[in-house]
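# Close look at the chain arrangement
Chain by chain, the residues:
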Amino acid sequence: EDMQDSSDYLEKVAGILKDRPEVNVRLCGLAVEADRKELGLESKEADDAKLLDLARQRAAAVKDHLVEKHAVTASRLVACQPHIDNEDDDGAPRVDLLI
């Protein structure tokens, strides 16, 4: 998924939030096994903290984008616990948005 697709998607989310002031969104950052390789991390246990931090940063980046580019009130964007998606070896790094 390229950046334009992500930006278009976030624009749609921002539109929903503007139309529905009662709706809040949970932002759940995910890291995947491919991130471990990308960061050159060897040991699984010791480096899970780094992956969780990466997942947290992803969610924060989405929140910042919605607040800065689309004037969404920050309190409507609630971060959930970041996690590592170990289930799907081909899983894409992402932020899940849950209403």
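Residues numbered from 1 in each chain as written. Predicted model: local features only at pLDDT ≥ 70, side-chain atom pairs only at ≥ 80, totals over all residues. Heavy atoms only, no water.

Attention now goes to the overall build of the protein. Helix and strand content of the protein: three helices and four strands. Across the protein, helices and strands are ordered from the amino to the carboxyl terminus as α-β-α-α-β-β-β. Counting only C-alpha atoms and orienting by the principal axes, one finds that the protein spans roughly 45 × 25 × 20 Å. When each of the 99 residues of the protein is scored for burial, the buried share is 33%. Considering only intrachain contacts with a sequence separation of at least 6, the fraction spanning at least 24 residues in the protein is 79%. Only carbon and sulfur atoms are counted for the fraction: they give 50% of the accessible area of the protein, which is about 6,500 Å². Here the protein contributes 14 positive and 23 negative side-chain charges, whose respective centroids are spaced 6 Å apart. (Helix = DSSP H or I, 4+ residues; strand = E, 2+ residues; numbered from the N terminus. Buried < 20%, exposed > 50% of the residue type's maximum accessible area, 1.4 Å probe, protein only. Contact = heavy atoms within 4.5 Å. Areas by Shrake-Rupley, 256 points an atom, 1.4 Å probe, with all protein chains shown as cover. Lys, Arg positive; Asp, Glu negative; His and termini not counted. Charge placed at Lys NZ, Arg CZ, Asp CG, Glu CD.)

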